[in-house]
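# A structural walkthrough
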Amino acid sequence: MMGNTVFLSFAFYSTILILKMYVVAIITGQVRLRKKAFANPEDALRNGGLQYYREDPDVERCRRAHRNDMENIFPFLFLGAVYSLLEPSPAVARIHFFIFCAGRIMHTVAYLLKLRAPTRSVAYSVAQLPCFSMALQILLAAAPYW
């Protein structure tokens, strides 16, 4: 696998995306602390009392961004790994991985900074294009064997 330049490119962009997800999780925790909005009573008690066992719109925004990442990055990890096994052109594969990664980063920035519409939906749509392309190529390669 380590001699497979496509897989190495996939591993690079996948790692960036996983690190981005960790950053969103950290941001969510920091917003919880700043807004004093805790999801568990024991956390609220430790940080001032049960009145802080509550939801906050900014915390929920962070959580939605994180959930959206999971809904989109996890499928990319599967599609990209299988796509890498098809021995595609390294340059074309790199473009697929880069577009997805850049789109997801822009989506997160748009989500967390509350950028004007349609920034977030455009970023989401752009990131979906390489996923659909990879899925189609996987299906075409596998169709003769089903």
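As shown above, the structure is provided for reference.
On a predicted model such as this, the values are computed, not experimentally measured, just so you know.

Parameters at a glance
Residues numbered from 1 in each chain as written. Predicted model: local features only at pLDDT ≥ 70, side-chain atom pairs only at ≥ 80, totals over all residues. Heavy atoms only, no water. Helix = DSSP H or I, 4+ residues; strand = E, 2+ residues; numbered from the N terminus. Expected span 1.5 Å × (residues − 1). Buried < 20%, exposed > 50% of the residue type's maximum accessible area, 1.4 Å probe, protein only. Contact = heavy atoms within 4.5 Å. Disulfide = S-S within 2.5 Å. Phe/Tyr/Trp six-rings, centres within 6.5 Å; stacked < 30°, edge-to-face > 60°.

## Quick notes on helix α4 (residues 90-112)
The end-to-end C-alpha distance of α4, which contains 23 residues, comes to 33 Å, matching closely the 33 Å that a straight helix rising 1.5 Å per residue would cover. Every buried residue of α4 is accounted for by Ala 93, His 96, Phe 97, Phe 100, Cys 101, Gly 103, Arg 104, His 107, Thr 108, Ala 110 and Tyr 111. Looking at the buried positions of α4, the neighbouring elements they touch are α1 (5-35), α3 (57-85) and α5 (119-142). Trailing α4 by a residue or two, Lys 114 shows a phi angle of about 55 degrees, which is positive.

## Some details on the state of the cysteines
Counted under the stated rule, the structure contains zero disulfides. Cys 62 forms no disulfide, and the closest cysteine sulfur to it belongs to Cys 101, at a distance of 20 Å. The exposure class of Cys 62 is buried, given its relative accessible area of 5%. With no disulfide of its own, Cys 131 lies 11 Å from the sulfur of Cys 101, the closest cysteine sulfur.

## What about the side chain of Ser 84?
Tracing the backbone shows Ser 84 in helix α3. The exposure class of Ser 84 is buried, given its relative accessible area of 1%. Excluding anything up to four places from it in sequence, Ser 84 contacts Asn 4, Val 6, Phe 7, Phe 10 and Phe 97.

## So, unusual backbone geometry
Note that the residue after Ala 117, namely Pro 118, is joined by a cis bond; omega there is 5 degrees. You can see Pro 118 is positioned in the loop between α4 and α5. Not every positive phi belongs to a glycine, and Lys 36 is a case in point at roughly 50 degrees. Residue class for Lys 36 comes out partly exposed when judged on its relative accessible area of 29%.

## Re the packing of aromatic side chains
For the structure shown, the criterion picks out eight aromatic pairs. Ring centres of Phe 7 and Phe 10 lie 5.9 Å apart, and the angle between their planes is 50 degrees; on these two criteria the pair is classed as tilted. Within this pair, Phe 7 and its partner Phe 10 are both found in helix α1, separated by three residues, close to a single helical turn. A relative accessible area of 21% places Phe 7 in the partly exposed class. Residue Phe 10 is classed as buried on the basis of its relative accessible area, which comes to 7%.

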